[in-house]
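Here is how the chains run, residue by residue.
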Amino acid sequence: MTSLHTIRPLVLAAEQKSADVTDWADRIGWIVGLLLFVALVYWLMRQGWKWRGTLQGDLAPLPQSPAEPGEPRMTMSGRYHGSTTAGQWLDRIVAHGLGTRSRVELTLTDAGLDVVRPGASDFFVPAEALREARLDKGIAGKVLTEGGLLIVTWAHGDRLIDSGFRSDHAAEQAAWVTTLNDMVKTTITTEGTAR
């Protein structure tokens, strides 16, 4: 006959369960699979970016700043958020580095708008190519509060392009809109008189 004292330790031992053993092979397999999936998505995004650049290959090279641009009318430090086809805020232009976000130093002179971007391609928008400036809330890949972005519309060849900028001091963007639009009106009046 079994005593009660010997049954109790057996019952306790049976109730205790060892911790589950981690299946490292299974876990490593899932991690490797996830990393491969992320790498595939990244590669597909990169291919899409290259494909978009190829489709926009007909875009002429960007103008560079003249040797003597003249006295600065206004300057601004901030961020360049990208360029799109004018009026189509999601149609990003990536050719010639226009799709690369970066820091920016803008200088407005009588000759035009000089866009200096550390780590990315600089470009220049001649005064006669400027069409309009406005405050807006978004451009491809960047949405801010209403009036958070300075959008400059300019002509490049037969295309109209919107370029988005955000000043380090957002309050100065309204003055940029006024000055750029006044400059556009003056240029249009001067060109009309010259003809």
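What you are looking at is a predicted structure, and each value in this text was computed from that prediction instead of being measured.

Chemist: Sorry, what's going on with the environment of T179 here?
Modeler: Relative to the helices and strands, T179 resides in helix 3 (residues 173–194). In sequence terms T179 and L108 are 71 residues apart; their C-alpha atoms lie 9.2 Å from each other. Ignoring sequence-local partners within four residues, the contact set of T179 consists of M74 and L108.

Chemist: I'm lost on the nonpolar core in this one. Help?
Modeler: Side chains of a nonpolar character, in soluble globular proteins, are inclined to be buried together. Formed by 29 residues in total, the largest nonpolar core has its most connected members in F165 and W176. Of all the secondary structure elements, the ones that give two or more residues to this core are strand 1 (74–85), strand 3 (102–109), strand 4 (112–116), strand 5 (123–126), strand 6 (130–136), strand 9 (149–156), strand 10 (159–167) and helix 3. The biggest single contributor to this core is helix 3, with 5 residues. Ignoring anything within four residues of it in the chain, the contact list for F165 reads M76, R79, Y80, V104, L106, V115, L149, L150, V152 and Q173.

Chemist: Please clarify how the pattern of salt bridges should be interpreted in this entry.
Modeler: Pairing between side chains of opposite charge can happen when their charged atoms approach one another. Across all of its chains, the model carries 5 salt bridges by this definition. The residue R103 makes a salt bridge to D168 at a minimum N-O spacing of 2.8 Å. Here R103, found in strand 3, pairs with D168, found in the loop between strand 10 and helix 3; they are 65 residues apart in sequence, far enough to count as distant. Note that R134 is salt-bridged to D162, the shortest N-O span being 3.2 Å. Linking R134 in strand 6 with D162 in strand 10, this pair joins segments that are 28 residues apart in sequence. Residue classification places D162 among the buried positions, given a relative accessible area of 4%. Through salt bridges with shared partners, a single ionic network connects E132, R134, D136 and D162.

Chemist: In this structure, what is going on with a nonpolar patch on the surface? I would like to understand it.
Modeler: Together, L34, F37, V38, V41 and M45 make up a nonpolar patch on the protein surface, roughly 500 Å² of accessible area in all. Relative to the elements of secondary structure, V41 occurs in helix 2 (residues 24–55).

Chemist: Is there a simple way to think about the packing of aromatic side chains in this case?
Modeler: Each aromatic ring pair is described using two quantities: the centre-to-centre distance and the angle formed by the ring planes. Inspection of the entire model under this criterion finds 3 aromatic pairs. Ring plane angle 70 degrees and centroid distance 6.2 Å describe the contact between Y80 and F123, whose orientation is recorded as edge-to-face. Note that Y80 is positioned in strand 1 and F123 in strand 5, a separation of 43 residues in sequence. For the pair Y80 and F123, one class covers both residues: buried.

Chemist: Even after reading the chapter, I still don't get the side chain of S83, so can you show me in this structure?
Modeler: Looking at where S83 falls in the secondary structure, it is placed in strand 1. Within the local environment of S83, its side chain forms a polar contact with the side chain of Y80, the two groups lying 2.6 Å apart. At 2.7 Å, the side chain of S83 and the side chain of S163 are in polar contact. Apart from the residues lying within four places of it in its own chain, the contact partners of S83 are D91, R92, I93, L98, I139, I161, D162 and S163.

Chemist: For this particular structure, what's the right way to read unusual backbone geometry?
Modeler: What is expected of a backbone is that most residues other than glycine have negative phi and most peptide bonds are trans. The phi dihedral of H96 falls on the positive side, at around 60 degrees, and the residue is not glycine. Within the secondary structure layout, H96 lies in the loop between strand 2 (92–93) and strand 3.

About the thresholds
Residue indices follow the written sequence of each chain, beginning from 1 at its first position. Only residues with pLDDT of at least 70 get local features here, since the model is predicted, and only at 80 or more are side-chain atom pairs given and counted; chain-wide, interface and lining totals rely on the full set of residues. Side-chain numbers come from the whole structure's heavy atoms, not from hydrogens or water. Secondary structure elements are taken from DSSP: a helix is a run of H or I of four residues or more, a strand is a run of E of two residues or more, and numbering for both begins at the N terminus. Throughout, a residue-residue contact means that at least one pair of heavy atoms, one from each residue, lies within 4.5 Å. Among buried residues, the Ala, Val, Leu, Ile, Met, Phe, Trp, Tyr and Cys ones that are joined through side-chain atoms within 4.5 Å form a nonpolar core. Only protein chains enter the area calculation, which uses a 1.4 Å probe; residues under 20% of their type maximum are buried, those over 50% are exposed, and those in between are partly exposed. Only one rule defines a salt bridge in this text: a Lys or Arg side-chain nitrogen within 4 Å of an Asp or Glu carboxyl oxygen. The patch calculation keeps residues exceeding 30% relative accessible area without a salt bridge and links them within 9 Å when they carry like charges or within 5 Å when they are nonpolar (Val, Leu, Ile, Met, Phe, Trp, Tyr). Using a 1.4 Å probe, the Shrake-Rupley method yields the accessible areas, and only the shown protein chains count as cover for residues. Pairs were defined over the aromatic rings of Phe, Tyr and Trp, the Trp ring being its six-membered one, requiring ring centres within 6.5 Å. Orientation was assigned from the angle between planes: stacked under 30 degrees, edge-to-face over 60, tilted for the rest. Here a polar contact is recorded for every N or O atom pair within 3.5 Å, except that within protein the pair must consist of a potential hydrogen donor and a potential acceptor, and residues adjacent in sequence are included only if both atoms are side-chain atoms.

Note that every value here comes from positions in space, so none of it alone points to a role or purpose.
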